Structures are given as structure tokens and as C-alpha cells.
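# Descriptive analysis of the structure
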Amino acid sequence: MNDMSQGQRQELTAEQQWEQFTALKTADDYIDSLRGRNLDVYLLGERIEEPVDHPIVRPSINAMAESYILADEDPDLATAWSSISEQQINRFLHVPESAEDLVQKNKMQRRMGQLTGTCFQRCAGLDTLSVLFSITYDIDKKHGTPYHQRYVNFLKKAQTNNLIVGAGMTDPKGDRSKRPSDQADPDLFMHVTRRTEAGLYVKGAKAHMTGGLNSHWICVMPTMNMLEGDKDYAVIGMIPATAAGLTYVYGRQSCDTRALETGDIDKGNAKYGGQETLVIFDDVFIPWEHVLMDGEYEFAQELVSRFTAYHRASYVCKTGLGDVMIGAASSVAEMNGAETASHVRDKLVEMTHLNETIYSSGIASSYEATQHESGAFINDPILANICKHNVTRFPYEISRLAQDLAGGLMVTLPSQADFEHETIGPQLDKYLQGKTSVTTEDRTRMLRLIENMTLGRNAVGYLTESMHGAGSPQAQRIQVLRETDFGKKQSLARRLAGILAADRGRHSQEAVS
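Residues numbered from 1 in each chain as written. Predicted model: local features only at pLDDT ≥ 70, side-chain atom pairs only at ≥ 80, totals over all residues. Heavy atoms only, no water.

Moving on, we get to the overall build of the chain. Regarding its fold elements, the chain presents 20 helices and 14 strands. With the principal axes as the frame, the chain shows a C-alpha extent of 90 × 75 × 50 Å. Considering the chain as a whole, with its 513 residues, one finds that 55% of them fall into the buried category. Contacts in the chain between residues far apart in sequence, at least 24 positions, make up 77% of those at least 6 positions apart. As displayed, the chain has an accessible area near 21600 Å², and 51% of this comes from carbon and sulfur atoms. Treating the 52 positive side-chain charges of the chain as one cloud and the 68 negative ones as another, the clouds have centres 6 Å apart. (Helix = DSSP H or I, 4+ residues; strand = E, 2+ residues; numbered from the N terminus. Buried < 20%, exposed > 50% of the residue type's maximum accessible area, 1.4 Å probe, protein only. Contact = heavy atoms within 4.5 Å. Areas by Shrake-Rupley, 256 points an atom, 1.4 Å probe, with all protein chains shown as cover. Lys, Arg positive; Asp, Glu negative; His and termini not counted. Charge placed at Lys NZ, Arg CZ, Asp CG, Glu CD.)

This is how it looks when you write it as C-alpha cells:
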């Protein structure tokens, strides 16, 4: 067990924490690195001894492992040269050093979505690594703290060892009308409980942690703006996933127990899935070398804003899933013999239009990135928020159109076991046939994939996560309001309307001449 009393808990140094890791090269290396960690993991009311081999958990690990495979098979897309560690690294560990880096990141994210058809769980961690580079620089500049160099030292090791860093940002929040320090239960926001010569301890929980269980390190950080009374809640730290005091509670997903059944057809997407966990931190120790904020509350808002500029542009990953959805819908139309119908073609065009609209705003935010004083490039915040705002809407319409093209059979199909039954199976094969050139099984598989992505396990990653991940729709609207210079737009309108006296004079002179 990882849970120990405070009196028994050993304060491991940063060096001691790093001793458990070895450099990873392949997807198999990554999967093996998750074995035997003796984590406290709970799923369906039971403690899971080895999550790697659990049929509900394993698809999420497979999805994350694809990031290692892609780096090997397409290094131009999925790796980058890091000036920090001076080596070629996995792009999911890269701090963007140019606008082109961000563009390549978006292309990689779309490709990962195409390959997995689900949330592959690395974007939040990547965007955390990116924002920490500039925010620690800014804190040090104001306060003379050593955070930036601490972070660079950490990142060099993470890049060299090719490890996964998960993002722990979202606190449970409790009563939304109260600030962190005003909550009836102080643990509803993560906070520092005590400090020692070796480091500090944190307590609380992080919710909706994408791929938290599949990570090697977890970065905890504030989830909202902080005031002076919230100083103990303004903390950033790097924690190994095996740290004493951590408990993981695996989140349910629609149709997740199909993973426990035999056969692969009813699963829809049998190999890949997403993962969200509630991670509880019960007085977890962080050595000073891994503390990157401790009380600098005035930087919490900028941390969140800058993170969202990265992360909301990262939702171009959903266009990869959209590509899969469009492919499945057009395939079903062909299997049904309806591919030439004008209304079918029109629906496929609309799905493509919506999908590419998401991509265009996201990748535009990368092309329009600006360089921070630290050297890191940051997405254009308005375009990034527009991308995410599109994502809160368009995948739902794409899914509706996919269901429209699939037909009602998508949700009334008999089970794989029925198809394989010696008596009823041949009857099902006969009556659920589409085009004679397409097997009933292939048609069934495609319908199950659409079901999986619009109603089943991977609807979490394609729909609900599109709505609430990186902030729900109103969060983007608030950020767009903050970032938009309405005064500048007013001045443009006023000049053309002839309202500004100087402009009236200039145009009068031009008219006379």
C-alpha cells in the first residue's frame, strides 16, 4: 500500500524519486514501466492489483502507448529537437520554441486521434510542460525564486527518460460561491499542509485527471485565480505517480463493462479507450527541488490563462476523431447502398465542414503564436479559445449526422454472442445483411464503432470531454471577452463612420484636394 501515516512517511529527495525510472524507447518499454507499481487503484468497488492487465484499463494504456509508436514511425511529426536537453525527443515532452513547433504539435494531435479514435491522454500534460516554462520564468523575475531552473532540471530528466507527465489541475471545488480558503472543507482545493527543511506536503484531490493512472509523474497546480488569503493553495509541484499518500479512483464510462465480455465486436473500438481518474492526495510530500510555486498567488490567474491558450488549441485532436467518424458514416452509407443519395452526400459534406472549421481555428492559433520573454511560444489566445468553443458544439452535430446515416440498427443490434449462436446466428446474418458485397459482420462492426464514439466508452472523449474539457463553453466566452480589444474595433468603426474629429479633418482635406 502507498498510504502511510505522517510519522512513517519518508521524505524522499528528488534524486531518490528519480531512481525508480529508466529511459524508455518503445511502446512495450512504456507498458512495462507501468507494471508492479503497487498503486492504490479502485475500480467498480475493488482494489485493482495490476491495472495494466485489467480489461477496462488496458485500452487507455494502449492509446497512450501509440504516442511512443508514432514517434518511432513518423519522427518528423512526433519528435522534436529540444534545446533544453539538446537531443531529439518525443514531441509530447517538447516546449514549443517556434510557431512551427505548435503547428506540428496540432498535426500530431490530429494524427493521434485518427489512430486511436479516442482521447490518447497526453495533451494536458504536454500543455502543462509548456506553460510551466514561461510561468516559472515570470515568478523568478519578480520574486528572485529558483523555480525556473528547478523546472528546467526536471524537464531535462523527463525528456531524457521519455516519461509521461500527467496534469493535475481541476480541484473538486466544493461550493462554487466560495474561494478556496473559504470552503467548509479545506481539502476541496489542494493546499499545502506543512513545510519542512526537505520540502512541503499537499492535501486534496484532483478530478477528471486524463490518463492520471497511466502517467509516471503528476504535476499539481492551481485551477483558478487566487487571492492573498489563498496563498497555501497557490502551489505547483511534481509528484511521482508512486508517491506515498496517493489513491486513484477510476471513473466510470458508458458501456465500460463491455470490456469484460468475450469477443471484440460489441466493444466498437476494442483496442483503444480514454481514462479519467479522481486522484486523492493525502499529505503527499514534494521535495523543494520539485516545488515550482509556493504562495505566489498573483500568478495563478496567468498560469490558468496561459495554459488554456495552449490546451484549448490542443482540442484539434478532436478533428482526428472526427475523421474517424466521417469515415465510419460514409462507410455505413456505402454498406447500406445509399452512398449516391444527395442527402447522404450533403450530410457528409456538412460533417467535413464542421470538422475542418475546428481544425482551422486551432492551427491558426498556432501560426499566430507569439514568443514569450522566456523563449517559449504561446498560442494566440483568442483563436485558441475559438477553437475550443467550436469543439463544444460541432462534434455533437457530427455525431448526430453519423447516427442519422447509421440508422436505428446502431442501437438495436443483437450481441456478438447472438451472431455466433449456432441456431439464431445464421438467421441474423441473413436478415441484417446490407449490400451483398459486404459481410454482415463488417457492417455490424462499423455500426458498433459509431455507437462506441457517440454513445459508448469513447463518447466520453469525443462528446462530453469536448464540452467540458479545458473549461466548459462559458469559460471560453469569458476568455474571449478578456482578450478582445473592443476599443480598437470601435476606433475602426468610428473612423469609417466619420466620428473622430481628426479623421473627419483628414478626409475633408482629401476631398478638397
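Moving on: the packing of aromatic side chains. Summed over the entire model, instances satisfying the criterion amount to eight aromatic pairs. Here the aromatic rings of Trp18 and Trp217 are separated by 4.8 Å at their centres, their planes lie at 45°, and the arrangement is tilted. Residue Trp18 is located in helix H1 (residues 14-18), and its partner Trp217 is located in strand S8 (residues 217-220); the two are separated by 199 residues in the primary sequence. Owing to a relative accessible area of 9%, Trp18 belongs among the buried residues under this scheme. Relative accessible area serves as the criterion here: at 0%, Trp217 is assigned to the buried category. Judged by centre distance (5.1 Å) and plane angle (15°), the rings of Tyr30 and Tyr68 are stacked. In this pair, Tyr30 is assigned in helix H2 (residues 27-33) and Tyr68 in helix H3 (residues 58-73), connecting sequence segments 38 residues apart. You can call Tyr30 buried: its relative accessible area is 0%. What makes Tyr68 buried here is its relative accessible area of 2%. By way of ring pairs, the aromatic residues Trp18, Phe21, Phe154 and Trp217 are connected into one cluster. (Phe/Tyr/Trp six-rings, centres within 6.5 Å; stacked < 30°, edge-to-face > 60°.)

Our next topic: the pattern of salt bridges. Evaluation of the coordinates by the stated rule reveals 27 salt bridges. Salt-bridge contacts for Asp256 lead to Arg252; the nearest nitrogen and oxygen are separated by 2.7 Å. Overall, the relative accessible area of 54% leaves Arg252 in the exposed class. Residues joined in a network through salt bridges with shared partners are Arg258, Asp266, Arg448 and Glu451. (Salt bridge = Lys/Arg side-chain N within 4 Å of Asp/Glu carboxyl O.)

Below, the discussion takes up the sheet that holds strand S1 (residues 41-43). In space, the six strands of this open sheet follow the order S2-S1-S10-S11-S7-S6, with mixed pairing throughout. The open sheet has two free edges, formed respectively by strand S2 (46-47) and strand S6 (191-195), since each of these has just one partner strand. Pairing of S1 with strand S10 (residues 246-250), which is carried by two bridges, proceeds in the parallel orientation. Directly across from Val41, in S10, lies its bridge partner Tyr248. (Pairing = 2+ DSSP bridges.)

Here we come to a nonpolar patch on the surface. On the surface, Tyr42, Val249, Leu278 and Ile280 cluster together into a nonpolar patch covering about 270 Å² of accessible area. Its location among the elements puts Val249 in strand S10. On the basis of relative accessibility, which here comes to 32%, the residue Val249 falls in the partly exposed class. (Patch = residues over 30% accessible without salt bridge, like charges linked within 9 Å, V, L, I, M, F, W, Y side chains within 5 Å.)

Moving on to a negative patch on the surface. On the surface, a cluster of negative charge is contributed by Asp72, Glu73, Asp74 and Asp76. Tracing the backbone through its elements, the reader meets Asp74 in the loop between H3 and helix H4 (75-78).

Considering soluble globular proteins, one finds that nonpolar side chains tend to be buried as a cluster. One finds Tyr30, Leu132, Met238 and Phe281 to be the most contacted residues of the largest nonpolar core, which totals 85 residues. A total of seven residues in this core trace back to one element, the largest contributor, which is helix H6 (residues 123-143). Apart from the residues within four sequence positions on either side, Phe281 is in contact with Met190, Val202, Lys203, Gly204, Ala205, Lys206, Met209, Ile218, Val220, Ile239, Gly245 and Leu246. Counting residues in hydrophobic clusters, the runner-up holds 42 residues, among them Val103, Tyr359, Leu405 and Leu428. (Core = buried A, V, L, I, M, F, W, Y, C linked by side-chain atoms within 4.5 Å.)

Here the focus is the sheet that holds strand S12 (residues 291-294). Pairing within the open sheet is mixed, and its four strands lie in the order S5-S8-S9-S12. At either margin of the open sheet sits one strand with a lone partner, and together these are strand S5 (165-168) and S12. Strand-to-strand twist across the sheet, computed as the mean angle between neighbouring axes with direction ignored, equals 25°. Pairing between S8 and strand S9 (residues 235-240): four bridges, direction antiparallel. When the sheet's bridge partners are listed, Ile218 is paired in S9 with Ile239. Strands S5, S8, S9 and S12 of the sheet are contacted by H6, whose axis makes an angle of about 75° with S5. Here helix H7 (residues 147-161) sits on the sheet and contacts S5, S8, S9 and S12; the angle it forms with S12, its principal contact strand, is near 150°. (Axes fitted to C-alpha atoms, helices over the stretch in contact; angles between N-to-C directions.)

Here strand S11 (residues 276-287) lies mainly inside the structure; nine of its twelve residues are buried. The pairing of strand S7 (residues 199-210) with S11 spans nine bridges and is antiparallel. Looking at the pairing, Gly204 lines up with Phe281 of S11. The pairing of S10 with S11 spans five bridges and is classified as antiparallel. Paired with Val249 across the strands is Leu278, a residue of S11.

What follows deals with the side chain of Arg443. Here Arg443 shows up in helix H16 (residues 440-454). Look at Arg443: it is buried, it has no salt bridge, and the nearest opposite charge is Asp429 at 9.5 Å. Among all residues touching Arg443, those that are not within four sequence positions of it are Met335, Asn336, Leu409, Leu432, Gln433, Gly434 and Val438.

What follows is about helix H18 (residues 473-483). Of the positions making up H18, those classed as buried are Gln476, Gln479 and Val480. With its buried residues spanning 100° around the axis, H18 presents them on a single face. Projecting away from the buried face of H18 at angles above 90 degrees are the exposed residues Leu481 and Arg482. If you follow the buried residues of H18, they end up packed against helix H8 (300-313) and helix H11 (381-391). (Arc of directions from axis to C-beta.)

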